[in-house]
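Residue-level structure breakdown
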Amino acid sequence: YLLPHPTPLSPELNFVGPDLTRTSYLAACVLAGLGHRRIALILGTGPLQHIAEMRHSGYSEALSDKGIAYDPQLVRFLGALTTHSWQPLISTARAAMSQMLRIQNPPTAVIVPNSSFAVGLLRALQEAGLRVPEDFSIIVLQEDELGTSLNPAMTTVDIDKAQQQVLLSTFLQQYFKGDPLREWRHQLPLTLNRRSSSGPLRGGGCGR
């Protein structure tokens with residue numbers, strides 16, 4: 001059995017993929033490096049609750065390492081988003097972002113798991129009169145086709161997909177040959193695809 005990422009629920013299982021904790025850690029560090037101190041995190045939960053927990057852990061660790069205070073007002077777990085339609089996810093992300101923008105010291109940047117969340121965020125930011133990336137930055141925790149087609153295109157955290165395919169092929173070859181596959185675990189390095197959804201903090205941010 002082969003997982004797309006390591007899991008704390010069954011650490012003995014084989015996997016080929018990213019450390020999900022490091023994806024959110026990298027994203028938060030990049031935003032902090034751009035001058036953002038009010039960095040939000042919006043996550044979906046569901047059957048794979050541990051994924052959200054790992055991403056939240058990486059985010060919290062990055063804030064601590066950068067000397068940024070953790071603010072629970074900037075974190076949203078949107079519940080079990082298991083529907084086959086993306087529309088509820090988009091509208092829920094839009095509502096979460098709108099609420100955050102109304103707090104006393106609102107975020108100037110946000111991290112989300114995928115670009116479907118970003119669609120809702122862009123709507124909320126547009127309604128608030130904020131521009132991306134001039135007034136607000138977004139980083140998505142996985143590369144997908146939607147992210148590159150949005151305007152602005154999404155900055156994403158990505159893995160070496162070519163290396164992943166090679167490792168998957170090797171795993172399948174060994175599996176069908178009957179070779180033992182215990183402790184067949186490969187953690188792929190992360191890269192950042194910098195696009196136009198992220199930029200340096202300007203002026204006073206959203207709370208100006």
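Residues numbered from 1 in each chain as written. Predicted model: local features only at pLDDT ≥ 70, side-chain atom pairs only at ≥ 80, totals over all residues. Heavy atoms only, no water.

Details of the overall build of the chain
Looking only at helices and strands, the chain features six helices and nine strands. Looking at the chain residue by residue over its 208 residues, the buried ones come to 50%. For the chain, the proportion of contacts with a sequence separation of at least 24, taken over those separated by at least 6, is 76%. (Helix = DSSP H or I, 4+ residues; strand = E, 2+ residues; numbered from the N terminus. Buried < 20%, exposed > 50% of the residue type's maximum accessible area, 1.4 Å probe, protein only. Contact = heavy atoms within 4.5 Å.)

A short note on the nonpolar core
If you look at the biggest cluster of nonpolar residues, it comprises 49 residues, and the most contacted ones within it are Ile42, Tyr59, Met97, Val110, Ile111 and Ile138. Looking at this core, the elements that each hand over two or more residues are helix H1 (20-33), strand S3 (39-45), helix H2 (49-65), strand S4 (75-80), helix H3 (87-100), strand S5 (109-112), helix H4 (115-127) and strand S6 (137-140). Apart from residues lying up to four places away in sequence, Met97 is in contact with Ile42, Pro107, Val110, Leu121, Ala124, Leu125 and Phe136. (Core = buried A, V, L, I, M, F, W, Y, C linked by side-chain atoms within 4.5 Å.)

Considering the confidence of the model for the chain
Of the residues in the chain, 75% have a pLDDT of 70 or more, and the chain-wide mean is 84. Of all secondary-structure elements in the chain, the lowest mean pLDDT belongs to strand S1 (residues 2-3), at 56, while S6 reaches the highest, 98. (pLDDT = per-residue confidence, 0-100.)

Here's the deal with H1
With 14 residues, H1 should cover 20 Å at 1.5 Å per step; its first-to-last C-alpha distance of 20 Å lies within 8% of that length. By the criterion of burial, H1 is predominantly enclosed, with eleven of the 14 residues buried. Looking one or two residues beyond H1, the residue adopting positive phi is Gly35, at roughly 100°. (Expected span 1.5 Å × (residues − 1).)

Considerations on the environment of Thr191
One can find Thr191 in strand S9 (residues 190-193). With 165 residues separating them along the chain, Thr191 and Leu26 place their C-alpha atoms 8.8 Å apart. Ignoring any residue separated from it by four or fewer positions in sequence, one finds Thr191 in contact with Leu26, Thr156, Val157 and Asp158.

Considerations on the pattern of salt bridges
Opposite charge on two side chains lets them pair, provided their charged atoms get close. What the rule picks out here adds up to five salt bridges. Residues Arg38 and Asp71 are paired through a salt bridge, measuring 2.9 Å at the closest nitrogen-oxygen approach. Here Arg38, found in the loop between H1 and S3, pairs with Asp71, found in the loop between H2 and S4; they are 33 residues apart in sequence, far enough to count as distant. For the pair formed by Arg38 and Asp71, the shared burial category is buried. (Salt bridge = Lys/Arg side-chain N within 4 Å of Asp/Glu carboxyl O.)

Structural notes on the packing of H1 against H2
Contact geometry of H1 with H2 gives a least axis separation of 7 Å together with a crossing angle of 40°. Where H1 crosses over H2, the two elements pack in a sense that is right-handed. Mapping the contact onto sequence places Leu20, Thr21, Arg22, Thr23, Ser24, Tyr25, Ala28 and Cys29 in H1 and Ile51, Met54, Arg55, Ser57, Gly58, Tyr59, Glu61, Ala62 and Asp65 in H2. Class assignment of the residues belonging to the contact of H1 with H2 gives a composition of eight nonpolar, five polar and four charged. (Axes fitted to C-alpha atoms, helices over the stretch in contact; angles between N-to-C directions. Left-handed = near helix turned anticlockwise from the far one by under 90°. Nonpolar A, V, L, I, M, F, W, Y, C, P; charged D, E, K, R; others polar.)

As for the packing of aromatic side chains
Under the counting rule described, the total for this entry stands at one aromatic pair. Centre to centre, the rings of Tyr59 and Tyr70 are 6.2 Å apart; their planes meet at 70°, and the pair counts as edge-to-face. Note that Tyr59 is positioned in helix H2 and Tyr70 in the loop between H2 and S4, a separation of eleven residues in sequence. (Phe/Tyr/Trp six-rings, centres within 6.5 Å; stacked < 30°, edge-to-face > 60°.)

Re empty space enclosed by the protein
A full pass over the atoms with the stated rule returns one cavity of 30 Å³ or more. Partitioning the lining of the largest cavity into residue classes produces six nonpolar, no polar and three charged. (1 Å grid on protein atoms, 1.4 Å probe; cavity = no way out; pocket = protein on both sides within 12 Å on 5 of 7 lines; lining within 4 Å. Points joined across faces, edges and corners; volume = space filled by probe spheres on them.)

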